[in-house]
Amino acid sequence: MPSHIVVPAVHKLTPDVAKLFAEHYHTDPNDDDPQSLAWSQRLAARPVILAADAGMTGGNFVVAETGSFVVCTNEGNADLSATVPGLHIATLGIERLVPRMADLGVFVRMLSRSALGSPITQYTTHFRGPQDGGEMHVVLVDNGRSHRLGMEDFWTSLKCIRCGACMNTCPVYRRSGGLSYGAVYSGPIGAIIDPTFNERKYSTLPFASTMNGSCTNVCPVRINIHDQLYKWRRVLAEHHELPFVKREVMNMAGRLMGQPKLYRAAISGTETALGVLPRFALYNWLNPWGKNRELPHPVKQTFHSWYKQNRLKTKKKGEDA
Ligand code: SF4
């Protein structure tokens, strides 16, 4: 599973890559120098590409005016796959269509700046037809997109250009990592797209948000992500798609939050428990959010008790004086 839509293997460190390469390419498992890992990858992948009968790519944008499409990468991998074998098969999501060449520049710049903070990706390749003597097949992929277009509250998610900015800013994504979402699309955009594929399977994802709105704020195409997260919660509850445990936990949380004293006692009890519970009680199959990252250390003092101790005292002294 990819853990990020721009950098799918971002959860792997160079020693993890060295171990994987040693397993598959029989390289030195202790050599985790990025440059030598890149060479090992080239030496292993190039013969495969040179001998291939067909190469497959995706595509970032399709231009209606010219019928051409653009593939943006930073590694040049798509260019090799598209140009070395005689047959190029490209799969393109139908929402990737932009009207004119003049519009394309705006989108390419926006993608690169929001994804990487760079003015342009290393490789921005335009394809207009097959190479001499070769063949090109373009597959336009719907896979639920037309259905999503008809969803009044959720169709704007089709505007997504897959820059990943909403993931990079999301506190839940940053803490838990993309693999915790259990879907190809993770982070805030995943949490609003995934339920359109399968409401039951992804019913808990819209709840994995603090609703701070940072995702909406950074989105270059202005998708109202946090509004949609909120709407999904309502839709899923109305469709009775919430799992039993989630429903009960939400009921309990509702009751707790209605009683401040009980809530505070529960919070400090949870913090103490997090500090002393054995690992297996926190990291098990019931908790997908702890699958790939460690939970943060519990705080020594809650903001509420710090405020009571420091500010209320000062305020009281000031009033007495
Ligand atoms: S929803 Fe917006 S910020 Fe998130 S990946 Fe799509 S375009 Fe980028």
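Nothing here was measured: the structure is a model prediction, and the numbers come from that model.

## A closer look at the sheet that holds strand β7 (residues 135–141)
Argument step 1. Across the sheet, three strands lie side by side as β1-β4-β7; this open sheet has parallel pairing. A single partner strand is all that each edge strand has here, and the edge strands are β1 (54–57) and β7. Recorded for the sheet is a direction-independent mean angle of 20° between the axes of neighbouring strands.
Argument step 2. In the sheet, strand β4 (residues 87–93) pairs with β7 via seven bridges, with the strands oriented parallel. Note on β7: the bridge partner recorded for Thr91 is Val139.

## With respect to the nonpolar core
Generally speaking, soluble globular proteins have nonpolar side chains that are buried together.
Argument step 1. Of all hydrophobic cores here, the largest spans 41 residues; its most connected members are Phe61, Leu104, Ile192, Ile223, Ile225 and Trp232.
Argument step 2. Looking at this core, the elements that each hand over two or more residues are β2 (61–63), β3 (69–73), α4 (101–116), α6 (165–169), α7 (171–176), α8 (187–197) and α10 (225–238).
Argument step 3. With five residues, the single largest contributor to this core is α10.
Argument step 4. Viewed by domain, this core spans two of them, domain 2 (55–141) and domain 3 (161–242), each represented by three or more residues.
Argument step 5. Listed in part, the nine residues of the second largest apolar core include Phe69, Ala78, Leu92 and Phe127.

## Quick word on the pairing of β1
Consecutive residues of a regular strand have side chains that alternate between opposite faces of the sheet.
Argument step 1. Side chains of β1 alternate between two faces, with Gly55 and Thr57 buried and Ala54 and Met56 left unburied.
Argument step 2. In terms of strand pairing, β1 meets β4 through four bridges, oriented parallel. Bridge pairing in β4 places Gly55 opposite His88.

## A look at the site of the ligand
Argument step 1. Neighbouring residues of the ligand: 14 residues in total, closest Cys160, Cys163, Gly164, Cys166 and Cys219.
Argument step 2. Split into classes, the residues belonging to the shell around the ligand amount to 12 nonpolar, one polar and one charged.

## Re the sheet that holds β2
Argument step 1. Spatial ordering of the open sheet is given by β5-β2-β3-β6, a layout of four strands whose pairing is mixed. Looking at the sheet topology across the chains shown, the edges are occupied by β5 (97–98) and β6 (123–127).
Argument step 2. Sheet analysis places β3 next to β6, joined by five bridges and oriented antiparallel. By the bridge assignment, Val70 is partnered in β6 with His126.
Argument step 3. In this fold α4 packs onto β2, β3, β5 and β6, with an angle of close to 170° to the strand it touches most, β2.

## With respect to the state of the cysteines
Argument step 1. In total, this model carries zero disulfides according to the counting rule given.
Argument step 2. In this model Cys170 remains outside any disulfide bridge; the closest cysteine sulfur is found in Cys215, 6.6 Å from its own.
Argument step 3. Free cysteine Cys215: the closest other cysteine sulfur is in Cys166, separated by 6.6 Å.
Argument step 4. With a relative accessible area of 7%, Cys215 lands in the buried category.

## Here's the deal with the packing of aromatic side chains
For any two aromatic rings, the description comes down to two numbers: the centre-to-centre distance and the angle of the planes.
Argument step 1. On inspection of all chains with the given rule, the structure shows seven aromatic pairs.
Argument step 2. With centroids separated by 5.9 Å and ring planes inclined at 40°, the aromatic side chains of Phe303 and Tyr307 adopt a geometry described as tilted. One end of the pair, Phe303, and the other, Tyr307, are both in helix α14 (residues 303–320), four residues apart, so they sit about a helical turn from each other.
Argument step 3. Each residue in the set Phe303, Trp306 and Tyr307 is aromatic and connected to the rest through ring pairs, giving one cluster.

## A closer look at the domain arrangement of the protein chain
Argument step 1. Assigned domains within the protein chain: domain 1 (1–51), domain 2 (55–141), domain 3 (161–242) and domain 4 (259–313).
Argument step 2. In this structure, domain 1 and domain 2 have C-alpha centres spaced 25 Å apart.
Argument step 3. At the boundary of domain 1 with domain 2, total buried surface from both sides reaches about 370 Å², with 83% on carbon and sulfur atoms.
Argument step 4. Three residues stand out in domain 1 for area buried against domain 2, namely Val6, Arg46 and Ile49, and they jointly supply 86% of the buried area on that side.
Argument step 5. Where domain 1 packs against domain 2, one counts zero salt bridges.
Argument step 6. Our count for the contact surface shared by domain 1 and domain 2 stands at zero residue pairs in polar contact (both at pLDDT 80 or more).
Argument step 7. By residue class, the composition of the side of domain 1 that touches domain 2 is three nonpolar, no polar and one charged.

## Considerations on the environment of His239
Argument step 1. Relative to the elements of secondary structure, His239 occurs in the loop between α10 and α11 (244–257).
Argument step 2. Residues His239 and Glu199 lie 40 residues apart in sequence; the distance between their C-alpha atoms is 8.8 Å.

Reading guide: rules and limits
- Residues numbered from 1 in each chain as written.
- Predicted model: local features only at pLDDT ≥ 70, side-chain atom pairs only at ≥ 80, totals over all residues.
- Heavy atoms only, no water.
- Pairing = 2+ DSSP bridges.
- Helix = DSSP H or I, 4+ residues; strand = E, 2+ residues; numbered from the N terminus.
- Axes fitted to C-alpha atoms, helices over the stretch in contact; angles between N-to-C directions.
- Core = buried A, V, L, I, M, F, W, Y, C linked by side-chain atoms within 4.5 Å.
- Buried < 20%, exposed > 50% of the residue type's maximum accessible area, 1.4 Å probe, protein only.
- Domains from an automatic or database assignment.
- Near = heavy atom within 4 Å.
- Nonpolar A, V, L, I, M, F, W, Y, C, P; charged D, E, K, R; others polar.
- Contact = heavy atoms within 4.5 Å.
- Disulfide = S-S within 2.5 Å.
- Phe/Tyr/Trp six-rings, centres within 6.5 Å; stacked < 30°, edge-to-face > 60°.
- Buried area = accessible area lost by both parts, 1.4 Å probe.
- Salt bridge = Lys/Arg side-chain N within 4 Å of Asp/Glu carboxyl O.
- Polar contact = N/O pair within 3.5 Å; in protein donor to acceptor, adjacent residues only side chain to side chain.

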